[in-house]
Amino acid sequence: MTQSTDVVVVGGGQAGLAAGYHLRRQGLDFTVLGADPAPGGAWQHMWDSLHLFSPAEHSSLPGRLMPTQPGETYPDAGHVVDYLVDYEKRYDLPVQHGTRVGAVRRDGDRLLVEADTGTWRARAVVSATGSWSRPFLPAVPGRHLFAGRQLHTVNYRRPADFAGQRVVVVGGGNSGAQIAADLALDGHVEVTWATRRLPRFLPDDIDGRILFDVATARRRALDEGRGDTVGVASLGDIVAVPPVRAARDAGLLTARPMFPRLTATGIRWADGSRSDADAIVWCTGFRPALAHLAPLNLRDERGHIATDGTRAVGEPRLHLLGYGDWTGPASATLIGVGRPAREAARQIRDLLI
Ligand code: FAD
């Protein structure tokens with residue numbers, strides 16, 4: 001069955017909800033299609049101990065402040081899921097969960113959105129599919145020889161799953177530091193942390209609030225032609241959230257330079273020495289989940305879709321929301337996605353009237 005609407009939003013996480021909030025304010029008819037059977041986006045899949053790197057009041061979507069979580073300065077992932085469930089209900093957003101979009105293609109003056117439950121004819125599409133479903137693993141020689149367990153950030157849950165084991169955590173970003181800290185503080189896991197370059201901890205008093213301010217100031221400077229300012233990257237990579245700080249201060253977070261090769265039983269370091277391991281946790285990042293946009297042929301030779309703000313340069317009826325700074329400063333954060341969502345909805349309204 002084919003249904004018609006002004007706008008289809010693909011993705012029912014925080015970016016999809018923020019888009020819905022602003023499309024409603026623009027008076028547009030829309031449907032949100034989300035592959036996860038339940039609300040909450042990636043937050044429902046995070047590991048048990050994960051907490052936000054900003055306080056609740058600095059982690060809100062447009063229109064509704066995230067309530068504080070009793071006893072926690074930095075809310076946990078479950079609190080974010082509750083907030084998103086409530087947000088969706090409060091604004092009565094038409095989200096069809098459990099609906100995966102396989103393709104978006106051109107069909108004359110409409111875009112055809114093909115999902116596993118039906119097809120939608122839309123005048124515009126907002127893609128807000130995040131990156132959680134596209135974990136990235138680097139091509140390290142010997143990776144396929146290793147006989148132990150290999151998992152990515154997306155599969156990690158809790159230290160108890162590794163009790164008594166030797167675990168190598170790979171990756172010098174926030175996920176790597178937090179998972180290495182989680183395992184090390186547990187006391188029952190032998191942790192080795194391997195990073196491509198020396199981990200750079202942000203000063204202890206810097207959390208997500210400051211990162212957001214820096215990202216916004218950088219974007220503004222670029223927009224006003226004042227050139228690039230010192231971006232977030234210049235400050236460091238790792239937010240010193242309380243468990244990371246505790247593990248670091250206890251001397252449990254000492255990284256070794258990335259190993260060049262895996263063996264059947266573990267890793268071989270650059271100096272030729274070896275360490276046996278039971279498991280490798282690859283905290284090596286994500287790529288945007290954009291496979292459904294392939295029929296539109298928008299990728300350049302580097303595989304990138306060019307955008308002007310959130311609007312795809314090669315298809316003005318398509319907006320990309322929430323993937324990172326290339327779709328709006330800090331747009332891959334709770335507090336940062338509101339602004340580009342508002343701008344996308346405004347541009348779609350202008351296009352459709
Ligand atoms: P997601 O939450 O991933 O939602 C995308 C939705 O799209 C999913 O529900 C998925 O099922 C659906 N989808 C995917 N493909 C399709 C398809 N083809 N058809 C239909 N639906 C589809 N941000 C902060 O503000 N504060 C933090 O402290 C913070 N910590 C983070 C910690 C980690 C470990 C990670 C990975 C990210 C963190 N972020 C944080 C960043 C960001 O806020 C989250 O990644 C957030 O989940 C991004 O929201 P999203 O809506 O863009 O994507």
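Residues numbered from 1 in each chain as written. Predicted model: local features only at pLDDT ≥ 70, side-chain atom pairs only at ≥ 80, totals over all residues. Heavy atoms only, no water.

Asks: Break down the domain arrangement of the protein for me, with residues and values.
Replies: For the protein, the domain assignment lists domain 1 (2-133 + 286-352) and domain 2 (149-201 + 237-282). Each of domain 1 and domain 2 was reduced to a C-alpha centroid, and the two centroids are 32 Å apart. Both faces considered, domain 1 and domain 2 share a buried interface measuring about 1000 Å² in area, 61% of it formed by carbon and sulfur atoms. When residues of domain 1 are sorted by the area they lose upon contact with domain 2, Trp-47, Asp-48 and Phe-53 head the list and together hold 53% of the total. One salt bridge in this structure joins Arg-158 and Asp-48, with 2.6 Å as the shortest N-O distance. For the pair domain 1 and domain 2, the number of links is four residue pairs in polar contact (both at pLDDT 80 or more). When the residues that make up the side of domain 1 that touches domain 2 are grouped by side-chain class, the tally is eight nonpolar, three polar and one charged. (Domains from an automatic or database assignment. Buried area = accessible area lost by both parts, 1.4 Å probe. Salt bridge = Lys/Arg side-chain N within 4 Å of Asp/Glu carboxyl O. Polar contact = N/O pair within 3.5 Å; in protein donor to acceptor, adjacent residues only side chain to side chain. Nonpolar A, V, L, I, M, F, W, Y, C, P; charged D, E, K, R; others polar.)

Asks: Account for the pairing of strand S4 (residues 101-107), with residues named and values stated.
Replies: Regular strands place side chains that alternate from one sheet face to the opposite one. As judged from the six bridges shared by S4 and strand S5 (residues 110-115), these two strands associate in the antiparallel manner. If you follow Val-101 over to S5, its bridge partner there is Ala-115. What sits between S4 and S5 in their antiparallel hairpin is a turn of two residues, with Gly-108 showing a positive phi close to 60°. (Pairing = 2+ DSSP bridges. Helix = DSSP H or I, 4+ residues; strand = E, 2+ residues; numbered from the N terminus.)

Asks: An account of the pattern of salt bridges is requested, with residue identities and associated values reported.
Replies: Side-chain pairing between opposite charges can occur once the charged atoms of the two side chains come close. For the structure on display, the rule yields 18 salt bridges. The partner of Asp-249 in a salt bridge is Arg-248, and the shortest N-O contact between them spans 3.0 Å. For Asp-249, a relative accessible area of 56% gives the class exposed. Among the residues examined, Arg-248 registers a relative accessible area of 24% and is labelled partly exposed. Taken together, the shared-partner salt bridges connect Asp-204, Arg-245, Arg-248 and Asp-249 into one network. (Buried < 20%, exposed > 50% of the residue type's maximum accessible area, 1.4 Å probe, protein only.)

Asks: Break down helix H1 (residues 14-25) for me, with residues and values.
Replies: Over its twelve residues, H1 runs 17 Å from end to end, which matches the ideal 16 Å to within 8%, given 1.5 Å per residue. Of all twelve residues in H1, ten are buried, a share of seventy percent or more. Looking at the packing, one finds that the buried side of H1 touches strand S1 (2-10), strand S2 (30-34), helix H2 (77-90), strand S3 (95-97), strand S6 (118-127) and helix H6 (338-352). Looking one or two residues beyond H1, the residue adopting positive phi is Gly-27, at roughly 75°. (Expected span 1.5 Å × (residues − 1). Contact = heavy atoms within 4.5 Å.)

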